[in-house]
Amino acid sequence: MLTLGIESSCDETSVAIVKDGREVLSNIIASQIDVHKKYGGVVPEIASRKHVEAISQVIDEAFTEANISYDDIDIICATRGPGLIGALLVGLSAGRTMAYALDKPFVGVNHMMGHICANYISNKELEPPFICLVVSGGHTYLLDVKDYTEFKLIGRTLDDAAGEAYDKISRVLGLGYPGGPEIEKAARNGKDIYDYPRVMINDGYDFSFSGLKTAVINHLHNLEQKNETYRIEDVARSFQDAVIDVLVEKTIRLTVERNLDKIVLSGGVSANGELRRRMEEAAKEHGYKVYYPEKILCTDNAAMIASAGYYDYKTGNYENNVTAKPNLGLENS
Ligand code: KG4
Ligand code: ZN
């Protein structure tokens, strides 16, 4: 079964064709990062316009690379949320129009479910149930994934998402956008010498990263006021360790509590090598296995949306007539 997936929730226009939810025939990603870089973050209005400019060509490229025709497609799907409303509408309208014109079923996909499904593409043997930590630029979710389309949300961030914290600290340190890869690179040459707070580490399953962000910013202001120098690398490392300690501790604790043995990482921050290493190290002590997507599938892409759309379709978990929903939750998707 061939699924066409469209992703346009933020700053990537992406179209993919995926076979049986797991095999990628094409996954074209037109990134707008360079356009938004100079503003230090995504500008929604510019994002929508760039999606409109790119979408037709990206669709054409996806068909050319997969070497198939429109008729070969069985299901068409696009991200319906969460994301930027103007950006979502571009991909969703393109997908719904194609489905109507070609008389194919249409599935409106939850972007966060897409992030989880990226793992089914990269790890062919992976099947639910498992504990999933979704860490992206907009969300931090700790989930009990019971089945392909059945999720129990156990923890979420009360303020900033993990990726958002990376982006903000990167900006404060004068590093680039997106901040995650920049902080990760700087942290490799740094030491964890500043004792930043591990907020709520032993307290339930929700997260909070805003206090950590403020602690880092206040610390830097203090140093600057006292004319004390610091190494960006040490700040990056101390910040990153504080984030990862909390992510690892809560994920392992939940896996123990639920008596599961698989931990799945997803979302942009799961591209982080140190998070992967630390989670694997902690999981090993319990005999758990850790899964994550290949790097290109960690950040936004349409292959993961096509995979999610396939599983939604298979389980009948979809309606043809969907609208964009900027703050779509995962449990009610
Ligand atoms: O999942 P994603 O592509 O977009 C959203 O759905 O939000 O995630 C983007 C986020 C950004 O905040 C970016 O800084 C972060 O993922 N990110 C990373 C790394 N690569 C991307 N964070 C930490 N380490 C990385 N290597
Ligand atoms: Zn995303």
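- For the protein chain, the name recorded in an unreviewed UniProt entry is tRNA N6-adenosine threonylcarbamoyltransferase, with Peptoniphilus duerdenii ATCC BAA-1640 as its organism.
- UniProt lists a comment for the protein chain under the heading Subcellular location (unreviewed entry), and it reads "Cytoplasm".

Structural notes on the coordination of the zinc ion (ligand 2)
- At this site the zinc ion (ligand 2) is bound by His111 (NE2), His115 (NE2) and Asp300 (OD), with donor distances of 2.0 to 2.1 Å.
- What the 4 donor atoms of the zinc ion (ligand 2) show is an angle range of 94 to 131° at the metal, which sorts the shape as tetrahedral.
- Read in sequence order, the donor residues for the zinc ion (ligand 2) give the motif H-x3-H-x184-D. Here His115 and His111 lie together in helix H4 (residues 111–122), a separation of 4 residues that amounts to about one turn.

Overview of the UniProt feature "binding site: Fe cation" (unreviewed entry) in the protein chain
- Using the residue numbers shown here, the UniProt feature "binding site: Fe cation" (unreviewed entry) corresponds to His111, His115 and Asp300. With the annotated positions falling across 190 residues, the maximum pairwise C-alpha distance of 8.8 Å places them together in a single cluster.
- Taking relative accessible area as the criterion, His115 reaches 1% and is therefore assigned buried.
- What His115 contacts, discounting residues up to four positions off in sequence, is Val134, Ser136, Ser266, Gly267, Gly268, Cys298, Thr299, Asp300 and Met304.
- Among the structural elements, Asp300 can be located in the loop between helix H10 (295–298) and helix H11 (302–314).
- The residues contacting Asp300, other than those within four sequence positions of it, are Glu7, Ser9, Cys10, Glu12, Ile29, His111 and His115.
- Here the side chain of Asp300 touches His111 through a polar contact of 3.0 Å, side chain to side chain.

Description of the side chain of Glu184
- Among the secondary structure elements, Glu184 is positioned in helix H6 (residues 179–187).
- What Glu184 contacts, discounting residues up to four positions off in sequence, is Gln240, Ala271, Asn272, Gly273 and Glu274.

Description of the domain arrangement of the protein chain
- Its domain assignment divides the protein chain into domain 1 (2–118 + 297–315) and domain 2 (128–292).
- Computed from C-alpha coordinates alone, the two centres of domain 1 and domain 2 are separated by 27 Å.
- Tallying the contact residues gives 18 residues for domain 1 and 19 residues for domain 2.
- Summed over both partners, the interface of domain 1 with domain 2 buries about 1,500 Å², with 74% contributed by carbon and sulfur atoms.
- Three residues, Met112, Ile116 and Cys298, lead the burial of domain 1 against domain 2; their summed loss comes to 40% of the area buried on that side.
- Applying the counting rule to domain 1 against domain 2 returns 0 salt bridges.
- Counting residues per element, the ones that place at least two in the side of domain 1 that touches domain 2 are helix H1 (33–37), H4 and H11.
- Here the side of domain 1 that touches domain 2 is composed, by residue class, of 9 nonpolar, 5 polar and 4 charged.

Regarding the pattern of salt bridges
- Following the criterion strictly, the structure yields 18 salt bridges and no others.
- With its nearest N and O atoms 3.1 Å apart, the salt bridge here joins Asp144 to Arg258. Of this pair, Asp144 sits in strand E7 (residues 140–147) while Arg258 sits in helix H8 (residues 232–258); the two residues are 114 residues apart in sequence, bridging distant segments of the chain.
- Its relative accessible area of 4% is what places Asp144 among the buried residues.
- For Arg258, a relative accessible area of 30% gives the class partly exposed.
- Salt-bridge contacts for Asp234 lead to Arg231; the nearest nitrogen and oxygen are separated by 2.9 Å.
- Residue classification places Asp234 among the buried residues on the basis of a relative accessible area of 7%.
- For Arg231, a relative accessible area of 40% corresponds to the partly exposed category.
- Linked by salt bridges that have partners in common, Asp144, Lys146, Glu257 and Arg258 make up one network.

The rules behind each value
Residues numbered from 1 in each chain as written. Chains lettered and ligands numbered in written order. Predicted model: local features only at pLDDT ≥ 70, side-chain atom pairs only at ≥ 80, totals over all residues. Heavy atoms only, no water. UniProt positions renumbered as here; feature names shortened; annotations may be inferred. Donors = N, O, S within 2.8 Å, 3.2 Å for Na, K, Ca; no water. Tetrahedral: all angles 85-135°; square planar, octahedral: opposite > 155°, others 65-115°. Helix = DSSP H or I, 4+ residues; strand = E, 2+ residues; numbered from the N terminus. Buried < 20%, exposed > 50% of the residue type's maximum accessible area, 1.4 Å probe, protein only. Contact = heavy atoms within 4.5 Å. Polar contact = N/O pair within 3.5 Å; in protein donor to acceptor, adjacent residues only side chain to side chain. Domains from an automatic or database assignment. Buried area = accessible area lost by both parts, 1.4 Å probe. Salt bridge = Lys/Arg side-chain N within 4 Å of Asp/Glu carboxyl O. Nonpolar A, V, L, I, M, F, W, Y, C, P; charged D, E, K, R; others polar.

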